[in-house]
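Spelled out, the chains give:
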Amino acid sequence: MILSGAILTGLVTCAGLFSFWIYSHRELPISSWKWLATLRFSILSIILILIWDPLIPVSKTEKNSQSSWVLVDGSLSMKSGLSPENSPLNKIIEKLESLGETSSRVLVFGEKPHFIPMDSLELVEFNQNSSNLGSALASAAEVGASEVIVFTDFRIDDDLEDLYSYAKDSPIDIRFERVDWERRNVGVKDFTISRNNISDELVLAEISIFSEGLEEKEKIKVQIFQEEISVAIEEIETVSKGRLSNLTIELPASEDPGWVKYKVVVQITEDDFELDNQKYTFFETNAQDEGIVLLSFEPDWEPRFLLPVLSEASGLSIEGFLALGDGQYLSMKGLESGQAITGEDVVKEVVGENRLLVLHGLSDNSPEWARLAAKRDQPTLLFLKDGTVASDLGISIQNRVLGGEWYLENTLKPSPLAASLSGMDLTSLAPLSAVLPLSIPNDHLEPLEFRRDGLGQVQSPLILMDSDEGRRALVLASGFWRWFSKGGSSRVTYRRLWAGIVGWLMASEVAENKNLVEPDSRIWRENVVSEWTGLGSRGDAVDLLISEDDSVTRELTAIVDDRGRFMTDGLPSGDYTYQASDFKTKDILGTGRFRVENHSLEWFQQPKDLEGVKKGLSLSAANIGNFGRSLHTFISPYLLLMFLLSLEWIGRRRGGLR
């Protein structure tokens, strides 16, 4: 405050000097110029002090209805199924009447605070999805509140330390009135459907359930629906308040292909809050093109660095396996030791169902099913160990590996990678360790070139193949991981290289219209902005048609950003279908369905110790003796400012100045 006071004093002094200099040197000489300069100085000083906005002590006897506010928690946790005479809102009104409060306005807080007149209190609707008290206190202080009384069930989202910190910086008299009642509620926190293997005839439903106010040994009915058909019913006992009961139920797998909608419903008698009683999820029965699968047949550092980079660049899920021999593979997911070893049958199944396949260390000694997977008509990234696989794909490569240190040339050939690597110093990169040299020239793209020890004949570390069978990237060199481990600009180049390659591979899906545009999640919250994925349409315009019950609900055109994503506004709860098409060609880029639900976890939020904050607030207020009210909340400075401006204007006109 000392430094700030010195700055304010300096600015006020400068304002005075400026005012007198203007009237003494720049304006026409008149007899009353000193009075006009003084008025100008006063006006500028008031403006500077308003910007400074100091706290003005106000004694408790000066507080009135204009500075006393009522804050009402408008979140869903205040909603109940009680009769109107016993409802939380009626309790608030009765409490205010008993306290004889003279407040003239009410601030309802939740996601965003908003003011209402006191005579509109009975019209408050508890429909906010969160309960943010800190921003409401700030809003009340902003308009000059000297004291507030907060009606809430103490189930707020604010961190108590943040709330107390705010209170110390802006002391305000506050009282908490807890609005609580005997609650009976059961709700669903999480609901997921999964399956261990694609060929399994059963799927697993995992449910997290909470409850409050139930009698001991009381039963909770749990029912699961598959496309509105009941497929499981179970009963569990009461869950202790603040705890979760995790339930796993086996369900028959759906025979319908594609996305299947599941719903779980929990039931008790006389439930006071129904917005947490059911929750939806979608499960893809024939999950295809779900993510990236990497299979390595050679001990190397490359898979460790490559897999997360590919996932980051594409936004897809990742799955990695390292061959151990004898048909055993080690999962790269970091599972427990008992689950990390996987059989060949599982790996073959995963390799057969993915969006992008990466085969590392592929050679003539690799399993036949892996070599066949390399020839599939989907995007594939192949790290070759010998030339046998390349020959099967129509590329003539010498079977002898050339070792040494291979340094990249700093010139980029025209290719899909030129834009990604533009501006990077390729000569500063760590050398690659080996290469499978081409025996004869080919017609495919060779985006990079390097030389052994920086001398001799130019070779290519990778080839981009684009044919009717699909796109493939053949990596002929090894040691790229050194760029990542070196860090700095080398790591940036590593990321750009593989991001460019995976982008080029997946861009082939544009022509095939496979999974190009789809919602980031199949379950959205009601009236919440939603994110969509369009990896194959970066920078393009997409027409999106959203329908409900065969009736068009929303029609819009969105631009896909460079991350392959775009946003849409929220929707009310319901079941929707969508169709995405290219803005120019009108080609269909994606179709499907999703669900918008109004599921709420407000009653899962546990009450917090606001009484502790109240004691801290009382102590802070007691230390300063009076309430500190910001200067900008008083009307008098603005009236004075308008009066002085008018005086100066009149004085200037009477003196003949413009």
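Definitions and cut-offs
Residues numbered from 1 in each chain as written. Predicted model: local features only at pLDDT ≥ 70, side-chain atom pairs only at ≥ 80, totals over all residues. Heavy atoms only, no water. Helix = DSSP H or I, 4+ residues; strand = E, 2+ residues; numbered from the N terminus. Contact = heavy atoms within 4.5 Å. Areas by Shrake-Rupley, 256 points an atom, 1.4 Å probe, with all protein chains shown as cover. Core = buried A, V, L, I, M, F, W, Y, C linked by side-chain atoms within 4.5 Å. Buried < 20%, exposed > 50% of the residue type's maximum accessible area, 1.4 Å probe, protein only. Salt bridge = Lys/Arg side-chain N within 4 Å of Asp/Glu carboxyl O. Polar contact = N/O pair within 3.5 Å; in protein donor to acceptor, adjacent residues only side chain to side chain. Pairing = 2+ DSSP bridges. Axes fitted to C-alpha atoms, helices over the stretch in contact; angles between N-to-C directions. Expected span 1.5 Å × (residues − 1). Arc of directions from axis to C-beta. pLDDT = per-residue confidence, 0-100. Patch = residues over 30% accessible without salt bridge, like charges linked within 9 Å, V, L, I, M, F, W, Y side chains within 5 Å. Phe/Tyr/Trp six-rings, centres within 6.5 Å; stacked < 30°, edge-to-face > 60°. 1 Å grid on protein atoms, 1.4 Å probe; cavity = no way out; pocket = protein on both sides within 12 Å on 5 of 7 lines; lining within 4 Å. Points joined across faces, edges and corners; volume = space filled by probe spheres on them. Nonpolar A, V, L, I, M, F, W, Y, C, P; charged D, E, K, R; others polar. Parallel < 35°, antiparallel > 145°, perpendicular 65-115°, else oblique. Left-handed = near helix turned anticlockwise from the far one by under 90°.

A. Examining the overall build of the chain more closely. Looking only at helices and strands, one finds 16 helices and 34 strands in the chain. Residue pairs at least 24 apart in sequence account for 68% of intrachain contacts in the chain once pairs closer than 6 positions are excluded. Total accessible area on the chain is roughly 32,700 Å²; 50% of this is exposed by carbon and sulfur atoms.

B. Region of the structure containing the nonpolar core. Among the nonpolar cores identified, the biggest contains 69 residues, and Leu381, Leu474, Leu497 and Trp498 are the most heavily contacted of them. Ranked by residues supplied to this core, first place goes to helix α13 (residues 488–506) with 8 residues. Contacts of Leu474, omitting those with residues within four sequence positions, involve Leu382, Leu384, Ala390, Leu393, Ile395, Pro461, Leu462, Ile463 and Met465.

C. The arrangement of the pattern of salt bridges in detail. Considering all chains together, one arrives at 26 salt bridges under this definition. Lys586 is the partner of Asp543 in a salt bridge, and the nearest nitrogen-oxygen pair spans 3.1 Å. Of this pair, Asp543 sits in strand β29 (residues 541–548) while Lys586 is found in the loop between β32 (574–582) and β33 (588–597), placing the two residues 43 residues apart along the sequence. By sharing partners, the salt bridges in this structure join Asp153, Arg155, Arg178, Asp180, Arg183, Glu212 and Lys241 into a single network.

D. Fine view of the environment of Gln226. Looking at the secondary structure, you find Gln226 in strand β9 (residues 219–226). Overall, Gln226 belongs to the buried group, its relative accessible area being 15%. Between the alpha carbons of Gln226 and Val260 there is a distance of 7.3 Å; along the sequence they are 34 residues apart. Polar side-chain contacts of Gln226 include one of 3.3 Å to the backbone oxygen of Pro252. Within the local environment of Gln226, its side chain forms a polar contact with the side chain of Tyr262, the two groups lying 2.8 Å apart.

E. Quick peek at the sheet that holds strand β7 (residues 185–194). Strand order in the open sheet formed by 3 strands is β7-β8-β11, with antiparallel pairing between adjacent strands. The sheet is open, and its two edges are formed by β7 and β11 (245–252), each paired on a single side. When the angles between neighbouring strand axes are averaged without regard to direction, this sheet yields 25°. Where β7 meets strand β8 (residues 202–212), 9 bridges bridge the pair, whose relative direction is antiparallel. Bridged to Val186 within β8 is Ser211.

F. Layout of helix α16 (residues 636–654). With 19 residues, α16 extends 27 Å between its outermost C-alpha atoms, agreeing within 8% with the 27 Å of an ideal straight helix rising 1.5 Å per residue. Every buried residue of α16 is accounted for by Pro637, Leu641, Leu644, Glu648, Gly651 and Arg652. Angular distribution of buried residues about the axis of α16 spans 100°; they occupy a single face of the element. Of the residues in α16, the exposed ones pointing more than 90 degrees away from the buried face are Met642, Phe643, Trp649, Arg653 and Arg654. A positive phi of about 85° marks Gly656, the residue just after α16.

G. Spatial organisation of the side chain of Asp158. For Asp158, the position within the fold is in the loop between β5 (147–152) and α5 (160–169). Beyond its immediate sequence surroundings of up to four residues, Asp158 is in contact with Ser131, Asn132, Leu133, Gly134 and Lys608.

H. Looking closely at the pairing of strand β28 (residues 530–533). The sheet contact formed by strand β26 (residues 518–519) and β28 spans 2 bridges and is antiparallel. Following the sheet pairing, Glu518 is matched in β28 by Thr533. Pairing of β28 with strand β31 (residues 565–568) involves 4 bridges; the strand directions are antiparallel. Paired with Ser530 across the bridge in β31 is Thr568.

I. Spotlight on the confidence of the model for the chain. Confidence in the prediction of the chain, expressed as mean pLDDT, is 82, and 88% of residues score 70 or more. Taken as a whole, residues 60–65 scores under 50 in pLDDT and shows 7 contacts with residues more than four places along the chain or in a different chain. Counting contacts from residues 619–626, a segment whose pLDDT is below 50, to residues more than four positions away or on other chains yields 8 contacts.

J. Here's a closer look at a nonpolar patch on the surface. On the surface, Ile635, Leu639 and Met642 cluster together into a nonpolar patch covering about 340 Å² of accessible area. With respect to the helices and strands, the residue Met642 is situated in helix α16.

K. How the structure looks around unusual backbone geometry. Even without glycine at this site, Glu227 takes up a positive phi of about 55°. Within the secondary structure, Glu227 is located in the loop between β9 and β10 (229–237). One non-glycine residue, Asp326, adopts positive backbone phi at about 55°. Topologically, Asp326 is positioned in the loop between β15 (317–325) and β16 (328–331).

L. Structural view of the packing of aromatic side chains. Taken as a whole and assessed by the stated rule, the structure comprises 23 aromatic pairs. With centroids separated by 6.1 Å and ring planes inclined at 80°, the aromatic side chains of Phe154 and Phe176 adopt a geometry described as edge-to-face. Placement of Phe154 in the loop between β5 and α5 and of Phe176 in strand β6 (residues 173–178) is noted, with a sequence separation of 22 residues between them. Taken individually, Phe154 and Phe176 each receive the classification buried, so the pair is uniform in this respect. Their ring planes at 15° and their centres at 5.5 Å tell us that Tyr576 and Phe594 sit as a pair that is stacked.

M. Up close: the layout of surface pockets. Volume-wise, the second largest pocket comes out at about 290 Å³. Together, 15 residues line the second largest pocket, and Leu76, Asn129, Arg525, His599 and Ser600 are the ones closest to its centre. When grouped by side-chain class, the residues that make up the lining of the second largest pocket number 4 nonpolar, 6 polar and 5 charged.

N. Molecular detail of the pairing of β10. Pairing between β9 and β10: 8 bridges, direction antiparallel. Its bridge partner lying in β10, Lys219 is registered against Glu237. Turn length for the β9-β10 hairpin, with the two strands adjacent in sequence and antiparallel, is 2 residues, and the turn residue Glu227 shows positive phi of about 55°.

O. Representation of the packing of helix α2 (residues 33–52) against α16 in the model. Where α2 contacts α16, the axes come no closer than 9 Å and their chain directions differ by 155°. In terms of orientation, α2 and α16 fall into the roughly antiparallel class. Where α2 crosses over α16, the handedness of that crossing is left-handed. In contact with Leu36, Leu39, Arg40, Ser42, Ile43, Ile46, Ile47 and Leu50 of α2, α16 contributes Pro637, Tyr638, Leu640, Leu641, Leu644, Leu645, Leu647, Glu648, Gly651 and Arg652.

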